[in-house]
Amino acid sequence: MADRIVTIESHIYEQQRRFPESTGEFSGLLCDIALATKVISLEVNRAGLVDILGGTGTINIQGERVRRLDVFARDIMIDILQRSGKVCAIATEEDADIIQVPRDLPNGHYIVSFDPLDGSSNIDVNVSIGTIFSIHYKSGSDENGTESDFLQPGVKQICAGYVVYGSSTIMVYTDGSGGVHGFTLDPSLGEFLLSHPDIKIPERGRIYSINEGYECWWKEHTRRYIEYVKSEGDGRPYTSRYIGSLVSDFHRNLLYGGIFLYPEDTRDPKRPHGKLRLLYEAAPLALVVEAAGGKATTGTERILDLEPDELHQRVPLILGSRLDVEDYEAFCRGER
Ligand code: AHM
Ligand code: MG
C-alpha cells in the first residue's frame, strides 16, 4: 500500500515529468481511459439491479432502450476516446473494422485498441470481468488513421493495461519503461488510488491456469508440460486456478506468481492459433507482464515481437512468471 494518497491522475502527471518535452497529450488520454472505466465499473455494479443483462434491444423500466453490458462498455469507451482530441482511430473486439474519429471532432496522434468487456460469458454470474487496452502512436501519415496503423508489433506500444471489475475495481497499467502500477477505485471518492506501486511478478509461481476441459485437443508439448506441473517434485504439484476470464486469471497470477496458458490446439483447423486476440488481449498483457519481470510467448516466439497480419488475429498465449514460462518454452522445443 502506498504511504500517501495518490490518485491515478496525479500519478500519470508525475510520470509525465520524466519526459520534459511531453505535451501532455498521452497523459490526458490515459486519464480519459480511466474515466471511461469508472463509468463501466459503475454500470457493472448496477448490473444485478437493473435489467441490463438481456440482449441488445430490450426496454428498461424507464422505457429506455438498454444495451448489453459489453455493448455499453464499448460505446462509452468509444465516445470518450472520440471526444478526447488525442486519438485518430480505434479498434475493438466488437467491431470488424477500425473506427475513425468523426470529421467534426479533433484528431490526435494516438490509436487505441481495446477489449471492452473481456470474459463476457461470466457477466450473468457475478464473476470478475475486465477491460484491456493498448495504445500506439499512429505509424502512417494519414491523419485519420488506417488499419495499417494498428498492425504494429506489441513492442511498439506506448502504454497498455487493464481494469478488473471484481470485489473491487482495479486498474493496472504500464508505459513499458516506468514499471507496472495498480490503482484501486475508491467508490466513495470516485477516484482510482495508487494501491500497488511498482508491481513485480514472482520469478516462479505455484499456480497454473488453463482450460483442462480441452486436454483432448492439446498438442503433445502442452500435455507433457501440464503433466509436469501436476507431478510431485520440487514445489510441485502446482495448484490449478482457471476463472475463464483472462484479466482476472492474469491479475491473480501477476500478484501471486503463476502461468496462464491458452495454447494452440487441434480443435478447429480454421483457428489453429488458439482463441485470444493479439492486438487487444495478448500484446497489452504481454507488455504489462514483461514490465513486471515476467514473460509472454506463443511457446516459440515472444508475443511483443509478433508483426500482426490482421486486426483480429488470434495467437497462442502463454504468460506469467519468467521461470514457469521458460519451462513451457523448453517443453515446446522438445528439450524436456
Ligand atoms: P471474450 O473476449 O469473448 O470474453 O473471450 C475471451 C475469454 C478470456 O477472458 C478467457 O481467458 C477465455 O475467453 C476463456 O475461454 P474458454 O472458455 O475457451 O476457456
Ligand atoms: Mg476478450
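Summarised in this report is the structure supplied together with it. These figures come from a predicted structure and were not determined experimentally. (Residues numbered from 1 in each chain as written. Chains lettered and ligands numbered in written order. Predicted model: local features only at pLDDT ≥ 70, side-chain atom pairs only at ≥ 80, totals over all residues. Heavy atoms only, no water.)

Counted under the stated rule, the structure contains eleven aromatic pairs. Measuring from ring centre to ring centre gives 5.3 Å for Tyr110 and Tyr137, while their planes differ by 80 degrees; the resulting arrangement is edge-to-face. With Tyr110 in strand β3 (residues 110–118) and Tyr137 in strand β4 (residues 129–137), the pair connects residues that are 27 residues apart, well separated along the chain. The exposure class of Tyr137 is partly exposed, given its relative accessible area of 41%. The residue whose ring lies beneath Arg336 is Tyr228, and the NZ or CZ to ring-centre distance is 4.8 Å. (Phe/Tyr/Trp six-rings, centres within 6.5 Å; stacked < 30°, edge-to-face > 60°. Helix = DSSP H or I, 4+ residues; strand = E, 2+ residues; numbered from the N terminus. Buried < 20%, exposed > 50% of the residue type's maximum accessible area, 1.4 Å probe, protein only. Lys NZ or Arg CZ within 6 Å of the ring centre and 35° of its normal.)

Only Glu93 (OE), Asp115 (OD), Asp118 (OD) and Glu281 (OE) from the protein coordinate the magnesium ion (ligand 2), and they sit 1.9 to 2.6 Å from it. Glu281 sits in the buried class, given a relative accessible area of 1%. (Donors = N, O, S within 2.8 Å, 3.2 Å for Na, K, Ca; no water.)

Time to look at the nonpolar core. The biggest cluster of nonpolar side chains holds 41 residues, and the ones touching the most others in it are Leu30, Phe133, Ile135 and Met171. In terms of residue count, helix α2 (residues 25–46) provides more of this core than any other element does, nine residues in total. Setting aside its immediate chain neighbours within four residues, Met171 contacts Ile8, Leu30, Ile33, Ala34, Thr37, Phe133, Tyr162, Val163, His181, Gly182, Phe183 and Phe192. In terms of nonpolar packing, the next biggest core, distinct from the first, is built from 33 residues, Ile170, Leu246, Ala286 and Val288 among them. (Core = buried A, V, L, I, M, F, W, Y, C linked by side-chain atoms within 4.5 Å. Contact = heavy atoms within 4.5 Å.)

Looking at where His11 falls in the secondary structure, it is placed in helix α1 (residues 8–16). In terms of polar contacts, His11 uses its side chain to reach the side chain of Tyr173, at 3.2 Å. Aside from chain neighbours lying at most four places away, what touches His11 is Val6, Tyr173, His181, Phe183 and Leu194. (Polar contact = N/O pair within 3.5 Å; in protein donor to acceptor, adjacent residues only side chain to side chain.)

Our next topic: the pairing of strand β1 (residues 87–92). Across the six residues of β1, six count as buried, placing the element largely inside the fold. The pairing of β1 with β3 spans five bridges and is classified as parallel. Of the residues in β3, the one forming a bridge with Ile90 is Val112. With two bridges connecting them, β1 and strand β2 (residues 99–100) associate as antiparallel partners. What sits directly across from Ile90, in β2, is Ile99. Taking the residues that link successive antiparallel strands as the turn, the β1-β2 hairpin has six residues. (Pairing = 2+ DSSP bridges.)

Another aspect to go through is the site of ligand 1. Taken together, the neighbourhood of ligand 1 is formed by 17 residues, with Asp118, Asn211, Tyr242, Leu246 and Tyr262 sitting nearest. Calculation on ligand 1 without its partners gives an accessible area of 470 Å², and the protein chains cover 85% of this total. Those elements giving two or more residues to the shell around ligand 1 turn out to be β3 and β11 (259–262). Both of domain 1 (8–196) and domain 2 (207–332) provide at least three residues apiece to the shell around ligand 1. (Near = heavy atom within 4 Å. Areas by Shrake-Rupley, 256 points an atom, 1.4 Å probe, with all protein chains shown as cover. Domains from an automatic or database assignment.)

Moving on to the pairing of β3. Most of β3 sits out of view: nine of its nine residues are buried. Both β3 and β4 contribute to a ladder of seven bridges, which runs antiparallel. By the bridge assignment, Ile111 is partnered in β4 with His136.

One open sheet holds the five strands; their spatial order is β10-β9-β11-β13-β12, and the pairing between them is mixed. Strands with a single pairing partner mark the edges of an open sheet, and in this sheet they are β10 (239–240) and β12 (295–297). Sheet analysis places strand β9 (residues 207–209) next to β10, joined by two bridges and oriented parallel. Bridged to Tyr208 within β10 is Ser240.

A separate point is the pattern of salt bridges. Summed over all chains, the structure comprises 25 salt bridges. Note that Lys38 and Glu191 form a salt bridge whose closest N and O atoms lie 4.0 Å from each other. Of this pair, Lys38 sits in helix α2 while Glu191 sits in strand β8 (residues 191–196), and the two are 153 residues apart along the sequence. The closest approach of N and O atoms between Glu326 and Lys295, which form a salt bridge, is 3.5 Å. Separated by 31 residues along the polypeptide, Glu326 in helix α8 (residues 322–332) and Lys295 in strand β12 bring together distant segments of the chain. The class of Lys295 is partly exposed, set by a relative accessible area of 26%. Because the salt bridges share partners, they merge into one network encompassing Glu203, Lys295, Arg322, Glu326 and Glu329. (Salt bridge = Lys/Arg side-chain N within 4 Å of Asp/Glu carboxyl O.)

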